[in-house]
Amino acid sequence: MDNTLPIDLLHILLALLPIATLLVFLLILEWSAPEAGAVGLFVAAGVGVLGFRMPLPTVAVASAKGVWDAVFILYVVWTALLLYQIAAKAGAFDALRQGIMRFSRNELFLVLVFGWVFVSFLQGITGFGTPVAMVVPLLIVLGVRPQFAVAAPLVGHAWGNMFGTLAVAWLATLQVVSLDANIATDTAFQTALLLILPNFFAGISVATMHSGWRGVRYALPLILIISLVHGGVQAVLTLWNPVLANFIAVTIGFILLYPLTRWPRYRDPLPYEASHMMQEPNSDTIDELPARMGLFAALLPYIILMIVAIVVLVPEPVSNLLGQVRVGLPFPEVSTGYNVICPAAEPYAPFAILTHPGSFLLLAAIPTWLFYRARGYTASPHHADEQGNILDDLVRDAVPSSLAVIAFLILSKLMDHSGQTDVLARGIAEVVPPDIYAALAPTLGVVGAFITSSNTASNVLFAPVQKTIAIVGGLPVASILAAQGAGAAVGNAIAPANIVLGTGPAGILGQEGKVLRRTLPYALTATFFTGVGAWLLVLITGNGG
Amino acid sequence: MSQTRQLGSALLALLIALPLISAGMTLGSTIIWGGGLLLLIIGTIVPIYSRVHRGDSCSEKSLHCYWGRLFKSKNADS
């Protein structure tokens, strides 16, 4: 039986309250993420119990499922921070900076390389926030201010969430909406077409963060070349194999960087003054001390990470075999007074531990630590006072991030299990006329990703609703689902749990609201143009697809 | 208790709550899942408690003092 949720102004406003609370506490009151997340989840629970007839057992199950969902991300948070601590203590980031400067001394080029191209490359194979956590320290050693060092990769990687991590978000979409083969191909292709826009604006945004329009003008050839490769190659390849489309596109983009470093425009220093995005490099560790290791040793964690991810995920028999090892907890069916039913799960969202990026990071961390230790990098006299604190520093950074991630994911599950997300989605659909719905369809994807911090979860939540709206409104299903997927990708740039993944390694825990302010302009611009693109797609492809 | 210890305890409470709620709901034991829910509430409220009680810049424990701690950002710019 369908639920009996009231789709009226009061309930739409009530459903908006947890999100509004989160934004107010993060952006205006500047509370840290764990604090703002806790307030948001209590509001979501209060709204659920008082306004959506959510009984306590449903609150308990939703909250526990939120904690379980968070464990997926926490496995990445802890292992990424562990790898970061190992590399930082051994001086790998100083060595990396010195090594990279041999190829290019153009800081705008390097910021774009790491904040957009390299983070997209990592998104192609890892995901779950790993790319952001891994790139933030690299940008900081290049001299990027911490807030920008978090904001740039958040913006830079967002577009890759839909088909990155071997298209996990796309595959999840196919699981929740049944599409025949032709519409599935159309949907993948149109999604990839729309993603060209957020990808292009990611390059523009990172260049703008660096030096405004002057930076955009200077970086424009690079941005056009890379976005054509990222977006164009991905779009064409979705017609053949959506699972590998992003991975191949970002790999080509990454390889193209080498010839670009031969171009004096991007090899030599910028012809104008440093921007407010940059700070003075830490001269006592970078310029005065020679690096303790070479570029290869410094890149070792990344090389191991890529090899492990490719070996585990690309050959289907290997990923299928390892993917069979799953752990999960059972939850019974729960419901609300409005007949919102969440079926029993046995187990709920099982965790494929061997194919999880957290395991890749752990597998990269252990040999990296052994290698650095064997080569004596961890015993440098310059950093003697820093040795032995890896675990202490890991706990100090990871605990607040973990609490924030858990709070956001509990909030997300409370909204889902109480029917608040459903009311939000159906409310938007009822208010907006079908003619212009396509332009607003990405917004729903963005909201979903903001709440859940996941492209996949946003699609799982909203793709069925979007499909229903498309059919009822006589709109092409493929175009509306494409708008959902592209919007959900963009939403990753402003998702609080993703921001926390960067503020930890950047050493600016508690400043999540300030980072959000820096990524918000990108999200608004990319959402607007993705909406325009979706509206055009509907016009071109016609009705009732 | 340091802030890291407080937050660490909160994290532990949240992680313990997870199997308690799962087991309690599956076995139909209100006490077990209720205990899990209580731990979950404690775990999520600790960051707010920690914000109110961190440091001690207030000379008196007045409502005004707590209000100031709650709604004035302490985060320095980077």
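Quick note: structure is the one above.
In short, a report on the structure.

Overview of the overall build of chain A
No. 1: From N to C terminus, chain A includes 22 helices and 4 strands.
No. 2: Against the 2.2 N^0.38 benchmark of 24 Å for 545 residues, chain A shows a C-alpha radius of gyration of 23 Å, consistent with a compact globule.
No. 3: Along the three orthogonal principal directions, the C-alpha set of chain A runs to about 70 × 50 × 50 Å.
No. 4: Sorting the 545 residues of chain A into buried and exposed places 62% on the buried side.
No. 5: Relative to all contacts within chain A whose residues are 6 or more apart in sequence, the contacts with residues 24 or more apart total 82%.

Let's talk about the overall build of chain B
No. 1: On a plain count of helices and strands, chain B comes out with 3 helices and 0 strands.
No. 2: Going from N to C terminus, chain B has its helices and strands arranged as α-α-α.
No. 3: Counting every position in chain B, which comprises 78 residues, the buried fraction comes to 28%.
No. 4: Taking as baseline every contact in chain B between residues at least 6 positions apart, the subset at least 24 positions apart corresponds to 42%.

Here's the deal with the environment of Pro137 of chain A
Residues and elements named next belong to chain A.
No. 1: In this fold, Pro137 is placed in helix H6 (residues 130-141).
No. 2: Remark: the alpha-carbon pair of Pro137 and Gly502, spanning 365 residues in sequence, is separated by 8.9 Å.
No. 3: Aside from chain neighbours lying at most four places away, what touches Pro137 is Tyr84, Ala88, Phe93 and Pro505.

Details of unusual backbone geometry
All names here are of chain A.
No. 1: With omega at 0°, the peptide bond leading from Glu346 into Pro347 counts as cis.
No. 2: Inspection of the secondary structure puts Pro347 in strand E4 (residues 345-352).
No. 3: The phi torsion at Glu30 lies on the positive side, around 55°, for a residue other than glycine.
No. 4: We note that Ala349 has phi near 40°; this positive angle belongs to a residue other than glycine.

Structural notes on the packing of helix H3 (residues 56-90) of chain A against helix H2 (residues 30-53) of chain B
No. 1: Close contact between H3 of chain A and H2 of chain B brings their axes to 10 Å; oriented N to C, the two are set at 60°. Taken together, the axes of H3 of chain A and H2 of chain B lie oblique to each other. Between H3 of chain A and H2 of chain B lies a crossing of left-handed hand. Facing Ala60, Ser63 and Ala64 of chain A of H3 of chain A, the residues of H2 of chain B in contact are Trp33, Gly36, Leu37 and Leu40 of chain B.

Some thoughts on the interface of chain B and chain A
No. 1: Opposite the 26 residues of chain B that make contact, chain A presents 33 residues.
No. 2: The set of elements that each furnish at least two residues to the side of chain B that touches chain A consists of helix H1 (3-27) and H2 of chain B.
No. 3: Per-element accounting of the side of chain B that touches chain A gives the leading share, 13 residues, to H1 of chain B.

Parameters and conventions
- Residues numbered from 1 in each chain as written.
- Chains lettered and ligands numbered in written order.
- Predicted model: local features only at pLDDT ≥ 70, side-chain atom pairs only at ≥ 80, totals over all residues.
- Helix = DSSP H or I, 4+ residues; strand = E, 2+ residues; numbered from the N terminus.
- Rg over C-alpha atoms; globule rule 2.2 N^0.38 Å.
- Buried ≥ 20, exposed ≤ 12 C-beta atoms within 10 Å, placed from the backbone.
- Contact = placed C-beta atoms within 7 Å.
- Axes fitted to C-alpha atoms, helices over the stretch in contact; angles between N-to-C directions.
- Parallel < 35°, antiparallel > 145°, perpendicular 65-115°, else oblique.
- Left-handed = near helix turned anticlockwise from the far one by under 90°.

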